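Descriptive analysis of the structure
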Amino acid sequence: LIIFYIAPMEQDLVQHLGYANLDTRLKRISDKMSHSLRAMYRRLEMDTEPNWYLVLWIVQEQPNVSVMEIASRLKFTHQSVIIMTNKMIKKDYLQSEKDLSDKRKTIFKLTTKAKRQMPLFTKIWEIGKVVTLELLNENTAIMKHLEALENNLEESSFGDRIAERLIESKK
């Protein structure tokens, strides 16, 4: 018999549920950080999105990189990289073309606008690392836990693990 405890209305239920609600907690933190970054970019009159820096970084490091290579490096889906890069093309941060040796492959280069903005992006990223460390009270142990979590999820998904336990409990 499982009994659910209902927290008082004024209590933060997500925080109260602790590790059992990890996915929601991580999403909430991610949303807060992304929202504040979007506001910062607007304040700086930059027409960019918080997650674009990953693609900009890769394309700067490796011009003519493909969608599949970006997806592989970020461990994002092919489709999510296409959606992101299409937005970046519309905002004139990336240019795309077909690979000369494989016409099925789309490759990316930074535009002049992106190259001009890279020193500012780099400065934002460097300051962002310092601020993140401050937010973590200079304790980066969470990174080891996140790595373990990601590795374990690669072996077997969260949903699969729950489904397996449900099936086992019915035996």
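Check the entry above for the structure.
Description of the structure in this document.

What counts, and where the lines are drawn
Residues numbered from 1 in each chain as written. Predicted model: local features only at pLDDT ≥ 70, side-chain atom pairs only at ≥ 80, totals over all residues. Heavy atoms only, no water. Phe/Tyr/Trp six-rings, centres within 6.5 Å; stacked < 30°, edge-to-face > 60°. Helix = DSSP H or I, 4+ residues; strand = E, 2+ residues; numbered from the N terminus. Patch = residues over 30% accessible without salt bridge, like charges linked within 9 Å, V, L, I, M, F, W, Y side chains within 5 Å. Areas by Shrake-Rupley, 256 points an atom, 1.4 Å probe, with all protein chains shown as cover. Salt bridge = Lys/Arg side-chain N within 4 Å of Asp/Glu carboxyl O. Buried < 20%, exposed > 50% of the residue type's maximum accessible area, 1.4 Å probe, protein only. Core = buried A, V, L, I, M, F, W, Y, C linked by side-chain atoms within 4.5 Å. Contact = heavy atoms within 4.5 Å. Axes fitted to C-alpha atoms, helices over the stretch in contact; angles between N-to-C directions. Parallel < 35°, antiparallel > 145°, perpendicular 65-115°, else oblique. Left-handed = near helix turned anticlockwise from the far one by under 90°. Pairing = 2+ DSSP bridges. Expected span 1.5 Å × (residues − 1). Arc of directions from axis to C-beta.

**Let's talk about the packing of aromatic side chains**
Using the criterion set out here, one finds five aromatic pairs in the structure. Residues tyrosine 93 and phenylalanine 121 carry aromatic rings whose centres are separated by 6.0 Å and whose planes lie at 55° to one another, so their mutual orientation is tilted. Of this pair, tyrosine 93 sits in the loop between α5 (78–90) and β2 (94–98) while phenylalanine 121 sits in helix α6 (residues 112–135); the two residues are 28 residues apart in sequence, bridging distant segments of the chain.

**Section: a nonpolar patch on the surface**
On the surface, a cluster of nonpolar side chains totalling about 580 Å² of accessible area is made up of Leu22, Leu26, Leu149, Leu153, Phe158, Ile162 and Leu166. At the level of secondary structure, the elements contributing two or more residues to the nonpolar patch comprise α2 (22–43), α7 (141–155) and α8 (158–170). With three residues, α8 is the largest single contributor of residues to the nonpolar patch. For leucine 149, the location among the structural elements is in helix α7. Residue class for leucine 149 comes out partly exposed when judged on its relative accessible area of 30%.

**Focus on the nonpolar core**
The biggest cluster of nonpolar side chains holds 24 residues, and the ones touching the most others in it are Val55, Leu56, Val59, Ile70, Met88 and Phe121. If you list the elements that add at least two residues to this core, you get α3 (52–61), α4 (67–74), α5, β3 (106–110) and α6. In contact with valine 55, other than residues within four places in its own chain, are Ile70, Leu74, Met84, Thr85, Met88 and Leu94.

**Considering unusual backbone geometry**
The backbone of lysine 75 shows a phi angle near 60°, a positive value even though the residue is not glycine. In this fold, lysine 75 is placed in the loop between α4 and α5.

**Things to note about the packing of α3 against α4**
Where α3 meets α4, the closest approach of the two axes is 11 Å, and the angle between their N-to-C directions is 120°. Taken together, the axis directions place α3 and α4 in an arrangement best described as oblique. Remark: the crossing between α3 and α4 carries right-handed chirality. Counted together, Leu54, Val55, Ile58, Val59 and Glu61 of α3 and Ile70, Arg73 and Leu74 of α4 form the full contact between these two elements.

**Considering the sheet that holds strand β1 (residues 65–66)**
Strand order across the open sheet formed by three strands is β1-β3-β2, with antiparallel pairing between neighbours. Lying at the two open borders of the sheet, with one neighbouring strand each, are β1 and β2. Taken together, the five bridges between β2 and β3 define a ladder with antiparallel strand orientation. By the bridge assignment, serine 96 is partnered in β3 with phenylalanine 108.

**Thoughts on the side chain of threonine 85**
Take threonine 85: it is sitting in helix α5. Owing to a relative accessible area of 1%, threonine 85 belongs among the buried residues under this scheme. In contact with threonine 85, other than residues within four places in its own chain, are Val55, Leu94 and Phe108.

**Re the pairing of β3**
Note: β1 against β3, two bridges, orientation antiparallel. Considered in β3, the bridge of serine 66 is made with isoleucine 107.

**Re α5**
With 13 residues, α5 should cover 18 Å at 1.5 Å per step; its first-to-last C-alpha distance of 18 Å lies within 8% of that length. All of the buried residues in α5 are Val81, Met84, Thr85 and Met88. Along the long axis of α5, the arc covered by the buried residues comes to 95°, so they all point the same way. Phi turns positive, to about 65°, at aspartate 92, one or two residues after α5.

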